[in-house]
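Coordinate inspection notes
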Amino acid sequence: MANKLTKQDITNLFIRSNAVQSAFSFERQQAMGFEYAMIPIINKLYDKEEDRIAAYQRHLTYFNSHPWTCGVIFGIVAAMEEKKANGEDVSEANIQGIKTGLMGPLAGIGDSFFWGAFRPIVAGICASLALQGYGFAPLLFVLIINAVHFGLHYWEVNKGYKMADSFLEKADMSSLNVWMEAATILGLFVVGGLTATWLGVSTKLSYTIGESTTSIQSALDGILPKMLPLLSVLGVFALLRKGFSTQKVLLIIVVVGFILGFLGVI
Amino acid sequence: MNTFQIFLISLITGLSYLTRRACGDMQLERPIVLGPLTGLILGDFATGLQLGATLELIFMGAQAIGGAVPSNVAIGSTVGTAIAIVSGTGVEGGTAVAVATAVACSSFETLAKTFCSFFAHWADGYAEKGNWRGINLAVWMGNLLHFLADFVPTFLALSIGAEALTALMSNIPANVMAGINGMGKLLTALGFGLLLNNLGTKKLMPYFFIGFALAAYVPAFGTMGIAFIGVAYAILYAFQHSKEVE
């Protein structure tokens, strides 16, 4: 017998897939959340107990993408499970291949576009409004962020389900990679801009020769404005690239920041 | 602060973090949201708003990417705002407490993410038996653990530590305060450095420097101006390269 997914099932998948970061662990990352979203789909599609068990098990494996851009994967995977349940030639490896193939590039787009550019820009604007005393700024932040977030996620899940056929035929990863690089460019561009705009690192030091006192900061500004923010970010970047863990870099920053602040250097 | 207020503040801290887990990353754990909310609970919205906005700029780049935990922004925001309002030290003192707390509490999220392995294996066992209700239970137990990882430290910090922190705030030497503020300034660099580490490839790094130079030399561009140019560059790149693919 044919088990078909309805519009209602896909809407339900949208709702439950918002829980993708549930029970997040270092070992499986978003596996538990992926499983949680898929359970009703699996229950509806597979009549045999053994098929359901196999499906529960395949979606408990490691998964890690971006919570805002992973919606497409849920849509496509639901469509693949539907085909598999109806006897079409879709193997477990096909499904895993789509999941692992898409999760990286989509996470790249999400990290660079949303965490690198969109969120900081909206936050910067709303924080500026709040500093001027506008009480609606926090609400504005939440509304803008989540109108985009939920609207996009809903569109993605539905789009993924509908376009699964054409996507699986072509398996056109190359165009996705181009958009991932494009998002990375935007992310890098904005992070550069944010470094120059919002990083408050400057030196209070000055030196006195005879009667005149020169501030070192204005001397540095003459060479390159915002030189210290740039050096701090590049310093962190260099440490991370050398293989230092986030926790270690955090510790270094806390110690160095405290000492420099204590001594009145920054 | 009475116990009910402390409970409410801890609750919004825990719930904001829970929405990150179970309601799509709604960004409710950001200082610009939690600062004003804490202010409302304690009857001083204005201070909460100012502090929330200040902290938002400090923690602008702080975002867990790929599971790495740079600092606990949620606990820092609520505890910092609460102490600032109760002790009357205002934005500067609150910033120092928030930064110190966010750093000190970063390990709780790490702890929750480590222990959630246990729930994943629990779910494996249920999956093997075909017990989907059991899997749901394991998921929500994991979420509960994540909730507690933010709720409990906030509750303890405010109920046990509030008096000590308030007393400390009024006696804190100026240079120690300056030290903590120095920490805060460099913390912003950590957030951006993490993003850069995540995005940067040799081929694309120059875009970081173009964005930096534009904003550094022409402050009037602002971040929106930079974003405009960035979007245009990105689209240009995408169109040029998708042609090559065809």
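Structure shown above.
Structure report, in brief. (Residues numbered from 1 in each chain as written. Chains lettered and ligands numbered in written order. Predicted model: local features only at pLDDT ≥ 70, side-chain atom pairs only at ≥ 80, totals over all residues. Heavy atoms only, no water.)

1. Observations concerning the layout of surface pockets
Residue and element names in this part refer to chain A. A volume near 640 Å³ is recorded for the largest pocket. In this structure, the largest pocket is lined by 20 residues; those nearest its centre are Val72, Leu106, Ile109, Leu176 and Trp179. Elements with a minimum of two residues in the lining of the largest pocket: α5 (92-131), α6 (137-170) and α7 (173-198). Here the lining of the largest pocket gets eight residues from one element, more than from any other, and that element is α6. Partitioning the lining of the largest pocket into residue classes produces 13 nonpolar, three polar and four charged. (1 Å grid on protein atoms, 1.4 Å probe; cavity = no way out; pocket = protein on both sides within 12 Å on 5 of 7 lines; lining within 4 Å. Points joined across faces, edges and corners; volume = space filled by probe spheres on them. Helix = DSSP H or I, 4+ residues; strand = E, 2+ residues; numbered from the N terminus. Nonpolar A, V, L, I, M, F, W, Y, C, P; charged D, E, K, R; others polar.)

2. Brief notes about the interface of chain A and chain B
Contact with chain A, which involves 97 residues of that partner, is made by 105 residues of chain B. Summing both sides of the interface, chain A and chain B together bury roughly 9000 Å²; the carbon and sulfur share of this comes to 73%. Applying the counting rule to chain A against chain B returns two salt bridges. Across the contact surface, chain A and chain B share 24 residue pairs in polar contact (both at pLDDT 80 or more). A per-element tally of the side of chain A that touches chain B places α7 of chain A first, with 20 residues. Split into classes, the residues belonging to the side of chain A that touches chain B amount to 59 nonpolar, 28 polar and ten charged. (Contact = heavy atoms within 4.5 Å. Buried area = accessible area lost by both parts, 1.4 Å probe. Salt bridge = Lys/Arg side-chain N within 4 Å of Asp/Glu carboxyl O. Polar contact = N/O pair within 3.5 Å; in protein donor to acceptor, adjacent residues only side chain to side chain.)

3. Let's talk about the pairing of strand β2 (residues 212-215) of chain A
Residues and elements named next belong to chain A. Of the pairings in the sheet, the one linking strand β1 (residues 206-209) to β2 comprises four bridges and is antiparallel in character. When the sheet's bridge partners are listed, Tyr207 is paired in β2 with Thr214. Where β1 folds back onto β2 in an antiparallel hairpin, the turn is made up of two residues, including Gly210, whose phi is positive at roughly 60 degrees. (Pairing = 2+ DSSP bridges.)

4. Focus: the packing of aromatic side chains
Going through the model one piece at a time under the given rule, you end up with 22 aromatic pairs over all chains. Judged by centre distance (5.5 Å) and plane angle (50 degrees), the ring pair of Tyr134 of chain A and Phe136 of chain A falls under tilted. You can call Tyr134 of chain A partly exposed: its relative accessible area is 40%. Taking the relative accessible area as the measure of exposure, Phe136 of chain A reaches 42% and is therefore partly exposed. Ring centres of Phe147 of chain B and Phe151 of chain B lie 5.4 Å apart, and the angle between their planes is 20 degrees; on these two criteria the pair is classed as stacked. Highlighted residues: Phe147 of chain B and Phe151 of chain B, both in helix α7 (residues 132-159), separated by four residues, approximately one helical turn. Look at Phe151 of chain B and you get buried, because its relative accessible area is 13%. Ring pairs connect the aromatic residues Trp68, Phe113, Phe114, Trp115 and Phe118 of chain A, which therefore count as one cluster. (Phe/Tyr/Trp six-rings, centres within 6.5 Å; stacked < 30°, edge-to-face > 60°. Buried < 20%, exposed > 50% of the residue type's maximum accessible area, 1.4 Å probe, protein only.)

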